[in-house]
Amino acid sequence: MLSSTKLLEFASNYGIPVWALDGAIAIVFAVVLFAICAISVIINVYLLRKISADFQLRYGPMHVGWHGSLQLFADAIKLLTKEDIFPSNADRWIFRLAPVVTFVPAYLGFLVLPIGHGIVIQDLNVGLLYILAIPAIGVAGIIMAGFGSYNKYAIIGSLRSAAQMVSYEVPRALSIIGIVMIAGSAKLSSIVGAQHVWYIILQPIAFVVFLVSTLAEINSTPFDLPETESELVNGYYTEYSGMRFMFFFFAEYVALFAAATLTTVLFLGGWHGPGPEYLGPIWFTIKTFAMIWVIMWIKWTLPRFRIDQVMDLGWKVLLPLALINVLITGLVMMII
Amino acid sequence: MVSEIIYFSVFTIVGVAIVAIAIGLARILSTRKPTKAKLETYECGNLNVTGDPRIQFKIHYYIFALLLVLFDVEMIFVFPWAVVFKALGLFAFVEMLVFIAILLLGLYYAWRKGVLKWT
């Protein structure tokens, strides 16, 4: 994004190789991106607590800071000073590495996300495939957490989570194919650029399939079987404490944020909105938080599914629907 | 292309480094008093762990993983087709219909065989 001619000139004047310049800029971007992720997690957790409190006629956090706005900072400090417990039965290395393997792919997904006209870190030609494939590696971390903990709750939670994420991967990706057909590109910025009419209007079936399978991907209610508090304690991260627990938590909210941003890019017109072009990122943020609000609304309204219902919905309803959507899109495009 | 690879690797390294730094910081700041009871595996109500958690789990998990592989490979094929769909026209559309129909036949077979049923 920033490999402008001026910088390249500067580099060649001082004898700095291009790859070193690229790497240095990439480090800055990576740290900035992490900061954005952290801020989004702080806002999302605060919103989650307040919205859930509203839905249940409570106040939510009120004591730390104005209307509890500093509650999460207090929680972070608490988690930072908590003891990092390794259960004596746990497989030490798998147990240690699991939070890293879960968190890093979730964070890497943002690499290709365009938030404004031309504002994107790396605009890959296969950006759409990348953003579907890389965060999916997080499943490996969840399975590692389950197996490494040597705990029955953790292992059941991780297997359920893996089965669910794997099943909903298919309808989620197939629902996007209609969009790729209309936009004629798998590059995220071109997909947004082609959206003169929002794709939620042109592809309503795809939107429903995508939203439902996204909810399953990020383990949000009604698909929160991997961590059903009432039966599995805390699911795959039952044995974790302190900072490692925090990174699982972090990965979950980064995934929620990533899901909302991807929905915005694919269906809600990305940075498009009234007003001049430099307002793009603001429109993008507004749409993203509207999407997060919808996800939380669903989360606090619906009860949890049973595992057989989850599997049935994925394979017998959403997958055929996604394929029919591809068919309809193709037919309509042939006729027009 | 090179720039993309550099960015991807740098982002991966920075991501791992941030997690490592945070966990290292927590190690300095946190208390460490492991006792035998604290390091026990968490279980409902029992002081001693009963049985082995690494049991043989349901065969269904494998079947769903196999189905995922099948349909994911299909997706990798459909994506490039969708990108150039406008230019290819009717012939490509019919071709893809045949391809998807064969796959749907497979799904129908799995469905009738009852492997999609979670018992």
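The name an unreviewed UniProt entry gives chain B is NADH-quinone oxidoreductase subunit A, with Candidatus Aquicultor secundus as the organism. Among the UniProt annotations of chain B, the heading Catalytic activity (unreviewed entry) holds the following wording: "a quinone + NADH + 5 H(+)(in) = a quinol + NAD(+) + 4 H(+)(out)".

For chain A, the name recorded in an unreviewed UniProt entry is NADH-quinone oxidoreductase subunit H, with Candidatus Aquicultor secundus as its organism. Among the UniProt annotations of chain A, the heading Catalytic activity (unreviewed entry) holds the following wording: "a quinone + NADH + 5 H(+)(in) = a quinol + NAD(+) + 4 H(+)(out)". Here chain A is described in UniProt, under the heading Sequence similarities (unreviewed entry), as follows: "Belongs to the complex I subunit 1 family."

Draft legend 1. Region of interest: the UniProt feature "transmembrane region" (unreviewed entry) in chain B. All names here are of chain B. The feature "transmembrane region" (unreviewed entry), as annotated in UniProt, sits at residues 6-29, 61-82 and 88-111 in this numbering. For residues 6-29, the helix share is 100%, the strand share is 0%, and the end-to-end C-alpha distance is 34 Å. Secondary structure within residues 88-111 divides into 96% helix and 0% strand; the distance between the first and last C-alpha atoms comes to 33 Å.

Draft legend 2. Broad picture of the UniProt feature "transmembrane region" (unreviewed entry) in chain A. All names here are of chain A. In the UniProt entry, the feature "transmembrane region" (unreviewed entry) is given for residues 24-48, 93-116, 128-150, 170-191, 197-216, 245-270, 282-302 and 314-335. Taken end to end, residues 24-48 comprises 100% helix and 0% strand; its first and last C-alpha atoms sit 36 Å apart. The annotated region residues 128-150 carries 78% helix and 0% strand content, and the separation between its end C-alpha atoms amounts to 36 Å.

Draft legend 3. The interface of chain A and chain B, seen in detail. Contact residues are listed per partner, giving 82 residues for chain A and 65 residues for chain B. Carbon and sulfur atoms supply 76% of the area buried between chain A and chain B, which totals about 6600 Å² over both sides. For the chain A face of the interface with chain B, the top three residues by lost area are Glu83(A), Tyr150(A) and Trp315(A), together amounting to 10%. At the junction of chain A and chain B, the tally comes to zero salt bridges. Where chain A meets chain B, there are two residue pairs in polar contact (both at pLDDT 80 or more). For the side of chain A that touches chain B, the secondary-structure elements that each account for two or more residues are helix 2 (18-55), helix 4 (92-108), helix 5 (127-133), helix 6 (138-149), helix 7 (152-183), helix 12 (242-267) and helix 14 (307-335) of chain A. Of the residues forming the side of chain A that touches chain B, the biggest block, 17 residues, is contributed by helix 7 of chain A. Each residue belonging to the side of chain A that touches chain B can be placed in one class, and the counts come to 55 nonpolar, 12 polar and 15 charged.

Draft legend 4. Seen up close, the pattern of salt bridges. Residue and element names in this part refer to chain A. What the rule picks out here adds up to four salt bridges over all chains. A salt bridge links Asp84 to Arg244, with the nearest nitrogen and oxygen atoms 2.8 Å apart. You can see Asp84 sitting in the loop between helix 3 (71-80) and helix 4 and its partner Arg244 sitting in helix 12, a full 160 residues away along the chain. A single burial state applies to Asp84 and to Arg244, both of which are buried. Of the charged contacts in the structure, one is a salt bridge between Asp308 and Arg306, with a shortest N-O distance of 3.1 Å.

The rules behind these values
- Here the residue numbering is sequential within each chain, running from 1 through the sequence in written order.
- For naming, the first written chain is A and the first written ligand is 1, with later ones following in the order written.
- At least 70 in pLDDT is required for a residue's local features to be given in this predicted model, at least 80 for side-chain atom pairs to be given and counted, and no such filter applies to totals for whole chains, interfaces and linings, which use all residues.
- Note that water and hydrogens are dropped before the side-chain values are worked out from all heavy atoms of the structure.
- UniProt positions are given in the numbering used here, feature names are shortened, and annotations may be inferred rather than shown by experiment.
- Numbering of helices and strands starts at the N terminus; helices are DSSP runs of H or I of at least 4 residues and strands are runs of E of at least 2.
- We call two residues in contact when some of their heavy atoms are within 4.5 Å.
- Note: buried area is the sum, over both parts, of the accessible area (probe 1.4 Å) each one loses when the two are combined.
- Salt-bridge detection follows one rule: a side-chain nitrogen of Lys or Arg within 4 Å of a carboxyl oxygen of Asp or Glu.
- Pairing of N or O atoms within 3.5 Å defines a polar contact, subject to two protein rules: one partner must be a possible hydrogen donor and the other a possible acceptor, and residues neighboring in sequence count only if both atoms are side-chain atoms.
- Polar here means any residue outside two lists: the nonpolar Ala, Val, Leu, Ile, Met, Phe, Trp, Tyr, Cys and Pro, and the charged Asp, Glu, Lys and Arg; Gly therefore counts as polar.
- When accessible area is computed with a 1.4 Å probe and restricted to protein chains, residues below 20% of their type maximum are described as buried, those above 50% as exposed, and intermediate ones as partly exposed.

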